[in-house]
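# Structural characterization, general
Each chain, letter by letter, is given below.
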Amino acid sequence: MIFEVKNGYFHYPRTEQQVLQDISLCVGSGRILSILGANGVGKTTLLRCMMGLLKWDRGESLVDGIPLHHIPGRELWQKIAYVPQAKNSVFSYTAKEMVTLGRSAHLKMFEQPGAREHELALSCMEAVGIVHLRDKKCNEMSGGELQMVLIARALTAEPSMLVLDEPESNLDFNNQMTVLSCIKELSCQRGISVVINTHYPDHALQIADEALLLNRDGSCEYGSCADVITEKNLHRTFSVRVCIRDVDVETQIYRCVIPVSQNKQSKKHILNKA
Ligand SMILES: Nc1ncnc2c1ncn2[C@@H]1O[C@H](COP(=O)(O)OP(=O)(O)OP(=O)(O)O)[C@@H](O)[C@H]1O
């Protein structure tokens, strides 16, 4: 799938702030795009505009060259799976039931999931290492457990594109690695296009091909990860001086982003808030 945004603008009704301004991007088959930016800058809003959950003021999203609003919802959600930020679930579904729900867009109206759906759900739970949670209720889960369930649910849709909003934020080191390697595998082996919002530039450098860095004024830097995730750009976006270094571990090079110091102004902001 080729997913594009052309010259997207967005602001929320009854607000003056232009959240997104002239955003253009393209995610090809098997490519991973990482979206980064400070808290409240508009990353979730961008995902929602991209998928048509919020309407662009100007500009458009296209799937394989077709404007997104011309694609029937059911067809669209068979192609795109969205993993929102995991907040506490109000649903008393078990993990297995929740994951099986990921097949909904592929079932006919009133059709019940059958053997194939149940098998697929279990294999996706296996892929992300959560079979042990199968009978646990979603409203009794930790944020991290729920996050893994939502990722498995997205995988059962067998999507062409996976959109994830900060999937690693609630997760411990081990689960972060599981999720990142799972995403990389899906894009490399199945050609799934991936868009991921993250607060971790290291994760973007680790798995993404392209990066989009959102600025406060709604504009962005967009391009290859190496071109966008630079010391200079990160300093400007986050008001934190960073060093980017290569660390060689057992013949593998890991590119790491090390926060070094805050701008005086951001420190003052935090002190004033305390
Ligand atoms: N429904 C809404 N109505 C009005 N303003 C909103 C609404 N939802 C979000 N906003 C505002 O839009 C801006 C962008 O919010 P958004 O949630 O997209 O940021 P974000 O980059 O994803 O943040 P974070 O990193 O903290 O998750 C914020 O200033 C937020 O307060």
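Here, every reference points to the structure presented above.
Quick caveat, the model's predicted, so the values are computed rather than measured.

## Some details on the site of the ligand
Surveying the vicinity of the ligand reveals 13 residues, the closest of which are Gly40, Gly42, Lys43, Thr44 and Thr45. Relative to its unbound accessible surface of 640 Å², the ligand loses 60% to contact with the protein. In the shell around the ligand, the residues fall into 3 nonpolar, 8 polar and 2 charged.

## Section: the sheet that holds strand β7 (residues 161–165)
Reading across from one edge, β6-β7-β8-β3-β9-β10 is the order of the 6 strands in this open sheet, with mixed pairing throughout. Every interior strand has two partners, whereas the edge strands, β6 (80–83) and β10 (220–224), have only one. Adjacent strand axes in the sheet meet at a mean angle of 10 degrees when their direction is disregarded. Here β6 runs beside β7; their pairing, made up of 4 bridges, is parallel. Considered in β7, the bridge of Ala81 is made with Leu162. Strands in contact with helix α5 (residues 143–156) are β6 and β7; relative to β6, the strand with the most contacts, it is inclined by about 175 degrees.

## Overview of the pairing of strand β8 (residues 193–197)
With 5 of 5 residues buried, β8 is to be regarded as a mostly interior element. Residues Ser193, Val195 and Asn197 point to one face of β8 and Val194 and Ile196 to the other, with burial holding for every one of them. Looking at chain direction, strand β3 (residues 32–36) and β8 are connected through 4 bridges and run parallel. Paired with Ser34 across the bridge in β8 is Ile196. Two strands pair when backbone bridges link them, and β7 and β8 are joined in this way by 5 bridges, in the parallel orientation. Residue Leu164 lies in a different strand from β8, and its bridge partner there is Ile196. Between β7 and its parallel partner β8, the chain crosses via helix α6 (residues 173–190), and the hand of that crossover is right-handed.

## Some points on the pattern of salt bridges
Following the criterion strictly, the structure yields 8 salt bridges and no others. Between Arg236 and Glu221 there is a salt bridge, and its shortest N-O distance comes to 2.8 Å. Of this pair, Arg236 sits in helix α9 (residues 231–238) while Glu221 sits in strand β10, placing them 15 residues apart in sequence. On the basis of relative accessibility, which here comes to 45%, the residue Arg236 falls in the partly exposed class.

## A look at the environment of Trp77
Position of Trp77 among the secondary structure elements: in helix α2 (residues 73–79). Given a relative accessible area of 28%, Trp77 falls into the partly exposed group. For the pair formed by Trp77 and Pro201, sequence separation is 124 residues and the distance between their alpha carbons is 29 Å. Not counting residues within four places of it along the chain, the set of residues in contact with Trp77 comprises Met51, Leu53 and Ala105.

Scoring rules and cut-offs
Residues numbered from 1 in each chain as written. Predicted model: local features only at pLDDT ≥ 70, side-chain atom pairs only at ≥ 80, totals over all residues. Heavy atoms only, no water. Near = heavy atom within 4 Å. Areas by Shrake-Rupley, 256 points an atom, 1.4 Å probe, with all protein chains shown as cover. Nonpolar A, V, L, I, M, F, W, Y, C, P; charged D, E, K, R; others polar. Pairing = 2+ DSSP bridges. Helix = DSSP H or I, 4+ residues; strand = E, 2+ residues; numbered from the N terminus. Axes fitted to C-alpha atoms, helices over the stretch in contact; angles between N-to-C directions. Contact = heavy atoms within 4.5 Å. Buried < 20%, exposed > 50% of the residue type's maximum accessible area, 1.4 Å probe, protein only. Right-handed = clockwise from strand over helix to strand, strands pointing away. Salt bridge = Lys/Arg side-chain N within 4 Å of Asp/Glu carboxyl O.

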